[in-house]
Amino acid sequence: MTLESTTHQALYRRWRAQTFSEIVGQEAVVATLRNAVATGRVAHAILFTGPRGTGKTSLARIVAKALNCENLGPTADPCDRCGPCVAIREGRALDLVEIDAASNRGINDVRELRERLNYAPTDLRRKVYILDEAHQITRDAWNALLKSLEEPPEFVTFMFASTHPQDFPPAILSRLQRFDVRRLTVPEITGKLERILAADGRDADPEAIGLVAGLAAGGMRDAESILDQLLASTTGRIEAGAVRDLLGLAEADLVDGFVAALATGDAAAGIALLDRLEERGRDLRVFLDQVVDALRERLLAGLSGGAGPDPGVAAAARRLAAIDPTRLGAGGLRLQLELALFQPVPIAAATDQASRVAARPVGSTPAPARVPAGEPRPSAPSAPRPTTERAASAHEAEPPEPREPRPATRAGGPDHGAAADAVAASDPVATSGPATPVMPADGSDELERLRHGWPSIVATITDRNRAVKPLITACRPIGVDGNVVTLGFPEEQGFLKDVADRRKPLLESCIGDYLGREVGVRCIATNLDLLPPLPADQEAEHILAEAHRIFAEDRLDVPEVS
Ligand SMILES: [Zn+2]
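Residues numbered from 1 in each chain as written. Predicted model: local features only at pLDDT ≥ 70, side-chain atom pairs only at ≥ 80, totals over all residues. Heavy atoms only, no water.

### A short note on the overall build of the chain
- The helix and strand tally for the chain stands at 25 helices and eight strands.
- The 562 residues of the chain split such that 53% are buried.
- When the accessible surface of the chain is summed, it comes to about 24,700 Å², and 53% of that surface belongs to carbon and sulfur atoms. (Helix = DSSP H or I, 4+ residues; strand = E, 2+ residues; numbered from the N terminus. Buried < 20%, exposed > 50% of the residue type's maximum accessible area, 1.4 Å probe, protein only. Areas by Shrake-Rupley, 256 points an atom, 1.4 Å probe, with all protein chains shown as cover.)

### Considering the sheet that holds strand E6 (residues 476-481)
- The sheet built from three strands is open, its strands ordered E6-E7-E8 with mixed pairing. Both outer strands of the open sheet, E6 and strand E8 (520-526), are each paired with one neighbouring strand and no more. Along the sheet, successive strands turn relative to each other by an average axial angle of 30 degrees, direction set aside.
- With five bridges joining them, E6 and strand E7 (residues 484-490) adopt antiparallel strand pairing. Looking at the pairing, arginine 476 lines up with glycine 488 of E7.
- Packed onto the sheet, helix H21 (residues 444-464) meets E6 and E7 and runs at close to 160 degrees relative to E6.
- Running over the sheet, helix H24 (residues 504-515) touches E7 and E8 and is turned about 115 degrees from E8. (Pairing = 2+ DSSP bridges. Axes fitted to C-alpha atoms, helices over the stretch in contact; angles between N-to-C directions. Contact = heavy atoms within 4.5 Å.)

### Details of helix H17 (residues 333-341)
- For H17, a buried count of seven out of nine residues is recorded, marking the element as mostly surrounded by other parts of the structure.
- Among all positions of H17, only Leu333, Arg334, Gln336, Leu337, Glu338, Ala340 and Leu341 are buried.
- Contacts from the buried residues of H17 go to helix H13 (252-264), helix H14 (267-279), helix H15 (284-304) and helix H16 (311-321).

### Regarding the packing of helix H9 (residues 186-199) against helix H11 (residues 220-233)
- Remark: H9 packs on H11, axes separated minimally by 10 Å, with the N-to-C direction vectors making an angle of 35 degrees. Helix-helix and strand crossings are classified by hand; for H9 and H11 the assignment is right-handed. Across the interface between the two elements, Glu188, Ile189, Lys192, Leu193, Ile196 and Leu197 of H9 pack against Met220, Ala223, Glu224, Leu227 and Leu231 of H11.
- Each residue belonging to the contact of H9 with H11 can be placed in one class, and the counts come to eight nonpolar, no polar and three charged. (Left-handed = near helix turned anticlockwise from the far one by under 90°. Nonpolar A, V, L, I, M, F, W, Y, C, P; charged D, E, K, R; others polar.)

### Observations regarding the nonpolar core
- Formed by 55 residues in total, the largest nonpolar core has its most connected members in Leu227, Leu247, Leu487 and Ile511.
- Every residue in contact with leucine 227, bar those within four places of it in the chain, is listed here: Leu11, Leu193, Ile196, Leu197, Ile209 and Ile238.
- Counting residues in each nonpolar core, the second largest holds 30 residues, with Ala250, Ala263, Ile323 and Ala340 among its members. (Core = buried A, V, L, I, M, F, W, Y, C linked by side-chain atoms within 4.5 Å.)

### Overview of the pattern of salt bridges
- In this structure the tally under the stated criterion is 26 salt bridges.
- One salt bridge connects aspartate 80 with lysine 65, and the closest N-O pair in it is separated by 2.8 Å. Highlighted residues: aspartate 80 in the loop between helix H4 (56-68) and helix H5 (83-89) and lysine 65 in helix H4, separated in sequence by 15 residues. Here aspartate 80 matches lysine 65 in class, with each residue buried.
- With a shortest N-O distance of 3.8 Å, glutamate 239 and arginine 237 are connected by a salt bridge. (Salt bridge = Lys/Arg side-chain N within 4 Å of Asp/Glu carboxyl O.)

### Things to note about the pairing of E8
- Among the seven residues in E8, six count as buried, and that is most of the element.
- Alignment of E7 against E8, held across seven bridges, turns out to be parallel. Its bridge partner being in E8, valine 485 is matched across the sheet by valine 521.

### Some words on the coordination of the zinc ion
- Binding of the zinc ion to the protein goes through Cys69 (SG), Cys79 (SG), Cys82 (SG) and Cys85 (SG), at separations of 2.3 to 2.4 Å.
- Around the zinc ion sit four donor atoms; with metal-centred angles ranging over 101 to 119 degrees, the donor geometry is tetrahedral.
- For the zinc ion, the donor residues sit on a single chain with the sequence spacing C-x9-C-x2-C-x2-C. Separated by ten residues along the polypeptide, cysteine 69 in the loop between H4 and H5 and cysteine 79 in the loop between H4 and H5 bring together distant segments of the chain. (Donors = N, O, S within 2.8 Å, 3.2 Å for Na, K, Ca; no water. Tetrahedral: all angles 85-135°; square planar, octahedral: opposite > 155°, others 65-115°.)

### Details of the environment of proline 206
- Within the secondary structure layout, proline 206 lies in helix H10 (residues 206-215).
- Using a relative accessible area of 57% as the deciding quantity, one classes proline 206 as exposed.
- Through-space distance from the C-alpha of proline 206 to that of isoleucine 238 is 9.1 Å; in sequence the pair is 32 residues apart.

### Side note on the state of the cysteines
- In total, this model carries zero disulfides according to the counting rule given.
- The thiol sulfur of cysteine 475 is not disulfide-bonded, and the nearest other cysteine sulfur, from cysteine 523, lies at 7.0 Å.
- According to the relative accessible area criterion, cysteine 475 is buried, its value standing at 1%. (Disulfide = S-S within 2.5 Å.)

Here it is, written out as structure tokens:
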């Protein structure tokens, strides 16, 4: 391994917890596991479940160490120094078998696993099988595993990790000791990011760290991946502007300015702001989410302040809630945002209200067309509803549902409802579930064309929007099926896929230009190592190394962001 590739080892790998003490959060899970290890009562089949990037497989490896450590600490922490601990940490223990069920889901792999199961361990005391993404195991394969789970050899421990335990067969689930790993809080994530920065001798604006922690939506791995990109793409102090650049977020003053223009009906000011945004290559969909978040905060602040929601803000929130961000072409998002800037005039009010009601089947009361600012409104319990349906940032510290995080939008909180679902329904391929490597047979000629032309497509896309560079560099075309081109993003950087989902129009237009026909783009997170390398690649790591190389160039030719 060259020095360069060593220095590019992903942050989340370098900073993976190696002992129970290093696990951030998850106190209840860790306490139970320590106790089980100390009393020699670790179950022979364990399930770690929880959102992606929260440390499930790290916990499984630490348990594997604790079961095999030669110098177990007084609190049942593995020493991380003895032979077995080091062999497990370095991934060379023969008796620790890690299986990515997303790629080894077939019955044959399980048969092979079962055949080897009964051989006594060779380099560890206990044989440990860790099956990641275990909900992807096929039914036949589960059936083959069931007997092994019922009567495993004395020296075997199974550990499963999964984001979707509801997909397990009940007969399996009932045989597993289950640990629910929760989303991390913003302070927990912030604390670890600050430790990483301190150890690297780097410095960051607290606002920048706050943005990263908030956007990661409870997943430490996403937060570490974003920080990794930031460290590689900037020199010196990490500013909030760099985070906004990477994720295509608009500056706070632009968001505030647009909210003010909406609330006062100052269309000229609002349109000027939209021009500035597009000049900076910001994505309007991301901007819409930010504006909706800001409106919601204003509405909630009005409620808790006792003054009641500002009628101008409430009416603006309703106008924005009716926007369909997926609409393309002449009536696209830009026009819809511009229209939202115009307060409805009395003559048009009736039709306007009718269309708003039609667009929003939820039982919301249409706002009075014009209410002078400051005039008290009769009680309006429905006022904050329109925006809570799209975003729920106020709840991000304690989301009750194990939904997949959507870092760029922070949607998916408890009030996630009609508006967001409508978006999801009109965009059925944008789901962020666990990924299966997809290599459709159809369109393989076109896939080859895309793979060969990928460098020029990347160049075209980044010419048109520089801010998209990290996205497009990290992904690669992995399938063409009819009019749908599938782009794969590295699993450990799922946040890039989420951001790419918001930028599909640009990707679709550039890829469509290259292929000479209209295409849709589907983005999935997947294990890129399993796919054949691009023609230009010599190594599986090439894609990420390339991203780092391009970031390094950015240092030379991109002016400091404010
Ligand atoms: Zn040890």
